[in-house]
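Working through the structure, step by step
In case you want the letters, here they are:
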Amino acid sequence: MALTQRLEFRQSQSLVMTPQLMQAIKLLQLSNLDLTTFVEEELERNPLLERASDEAPAGEGSAEAGSYGDSDGQGEGQGEDGFGGSTEGFEPGQEEWMSKELGTRAEIEQTLDTGLDNVFSEEPAEAAARNAQDAAPTTYTEWGGGASGTEDYNLEAFVAAETTLSDHLAEQLSVAFTAPAQRMIGQYLIDLVDEAGYLPADLGQAAERLGASQADVEAVLAVLQKFDPPGVFARNLSECLAIQLRELDRYDPAMQALVEHLDLLAKRDIVALRKICGVDDEDIADMIGEIRRLNPKPGMKFGSARLQTMVPDVYVRPGPDGGWHVELNSDTLPRVLVNQTYYSELSKKVGKDGDKSYFTDALQNATWLVRALDQRARTILKVATEIVRQQDGFFTHGVAHLRPLNLKAVADAIQMHESTVSRVTANKYMATNRGTFELKYFFTASIASADGGEAHSAEAVRHHIKQLIDSEEPSAILSDDTIVERLRASGIDIARRTVAKYREAMRIPSSVQRRRDKQSALGNVLSTALSDRSRNTEPA
């Protein structure tokens, strides 16, 4: 075969990932909080973007009407002088004076032909403060103070920050130790404490890194374990409970034996615990009650992560025709507009090619962002509507009627790609008449039917398993094999290992543990009833 050079023309199609397309894909998978943060950054970066205001009159304050900045004179934002509201009523020279620098103290006194003490004689405290400074404020805005009467005034900026566990322990460390070496060891151990208040089990590496002996580290640790809250700086649960019991002066030999055998307490083996502790039934019940009143995670009360309120992206309400009405939550949709008028004014005034290119790119990016936000909202609404249509039985009758559903079924119904549906359902929530659920909740695997009928949803099967376990009697605890038999009798073909997997995922203990727990609870109820009856029958 001869090797020759030749020219060929070929026609092909390829998808080019432009920056605008990548931005649209990125916006699609963002949650409403992340989207708000992204839009705020774009508003600060792009001068042609502005917030859409619902309060502005028609034809004013919008990009289509061609206005820029405050149009109603009431101060939707702030003017260039930093003050909200209208500047109506100022004289022409007065507004110019407001933006003019005042100069140094000597220049001001020369302008006023008198000393500042004479002008502000009714304010001795402020006059003394001015005398202590080398120069007076240089601009008008520095005289105005930090308060503002606009909507941008944020009271949350003045809320005190929460005290973290590390800060709380560091304050006690400065009082407990005076030697620099001990403070260094203590601060190092504070840095090792996790959010629950626990230390790593092995502190040998801490002594090596600090260049201190193990005895010095243990001596500092013994003092740190007396810090507030009780139970911090423990290396395991038994040590944490022992520290709290010592603080309550309840760490006697019997309680020590109980704390050292928490595994038996977890198994509810009361007989073995009673023998080990050497106490009777009443004493062991009191001791277990004291253990339950302790805090296994003492550090969680400090500096725990603030829980964010889950705001739904979609609302589903019953419709008047018996169907379901799906609508977007407008509060989670950022509303931005492109200020075309400002761009037109700048195009006339800007002369440099570099500046023109910058504003042209800014206009293009702003336009793409507005289109991407609109497309994101439409896509979310389309996917949510199809989910509601597919899972109509869930909204009408409950979780037992949840159907098996995958991304491909929704993607084919709305003529989109599966990856697009996957991005839409990520970090999005739907508020329904049965609660608020993540969109991914409605996509469940299918489990075959025992009689060859319609397949069952995995979530519906989990719900059925939970109902069977909740309704079992203490004398007839259902094993996994028994649950499998009952599910197959209901038309659900499922393996035993699948039942065990679903049960463990729902944090339901095994049949042996459930039998022990329910018998123990039943015994406590009977003993309480007998003691109450004997107390009532005692002669007065």
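As the structure is a computational prediction, the values presented were derived from the model and not from experiment.

**Here's the deal with the pattern of salt bridges**
Taken as a whole, this structure holds 19 salt bridges when the rule is applied. Put simply, glutamate 239 and arginine 235 hold a salt bridge, and the shortest N to O gap is 3.1 Å. A salt bridge links glutamate 386 to arginine 389; its shortest N-O distance comes to 2.6 Å. Taken as a pair, glutamate 386 and arginine 389 lie in helix 18 (residues 353-390) at a separation of three residues, close to a single helical turn. One salt-bridge network, in which partners are shared between bridges, spans Arg6, Glu8 and Arg10.

**Regarding the side chain of histidine 168**
The residue histidine 168 is located in helix 8 (residues 165-176) in this model. Not counting residues within four places of it along the chain, the set of residues in contact with histidine 168 comprises Thr163, Asp228, Pro229 and Phe302.

**Remarks on the packing of helix 23 (residues 480-489) against helix 24 (residues 496-505)**
Relative to each other, helix 23 and helix 24 sit at 110 degrees, their axes nearing to 9 Å. Here helix 23 is positioned roughly perpendicular relative to helix 24, judged by the angle of their axes. Touching Asp480, Asp481, Ile483, Val484 and Leu487 of helix 23 are Arg496, Val499, Ala500 and Arg503, all from helix 24. Of the residues contributing to the contact of helix 23 with helix 24, the split by class is five nonpolar, no polar and four charged.

**Focus on the side chain of glutamate 42**
Following the sequence through the fold, glutamate 42 ends up in helix 2 (residues 32-45). Its relative accessible area of 12% is what places glutamate 42 among the buried residues. In this view, glutamate 42 contacts Leu49 and Leu369; residues no more than four positions away in its chain are not counted.

**Notes on the environment of glutamine 391**
Residue placement: glutamine 391 occurs in the loop between helix 18 and helix 19 (392-397). Placed 52 residues apart in sequence, glutamine 391 and phenylalanine 443 show a C-alpha to C-alpha distance of 9.7 Å. Those residues in contact with glutamine 391 that lie beyond four places of it in its chain are Leu402, Arg403, Leu405 and Phe442. A distance of 2.9 Å separates a polar side-chain atom of glutamine 391 from the backbone nitrogen of arginine 403. A polar contact of 3.1 Å, which involves the side chain of glutamine 391, links it to the backbone oxygen of phenylalanine 442.

Each value, and the rule that gives it
Residues numbered from 1 in each chain as written. Predicted model: local features only at pLDDT ≥ 70, side-chain atom pairs only at ≥ 80, totals over all residues. Heavy atoms only, no water. Salt bridge = Lys/Arg side-chain N within 4 Å of Asp/Glu carboxyl O. Helix = DSSP H or I, 4+ residues; strand = E, 2+ residues; numbered from the N terminus. Contact = heavy atoms within 4.5 Å. Axes fitted to C-alpha atoms, helices over the stretch in contact; angles between N-to-C directions. Parallel < 35°, antiparallel > 145°, perpendicular 65-115°, else oblique. Nonpolar A, V, L, I, M, F, W, Y, C, P; charged D, E, K, R; others polar. Buried < 20%, exposed > 50% of the residue type's maximum accessible area, 1.4 Å probe, protein only. Polar contact = N/O pair within 3.5 Å; in protein donor to acceptor, adjacent residues only side chain to side chain.

Note that every value here comes from positions in space, so none of it alone points to a role or purpose.
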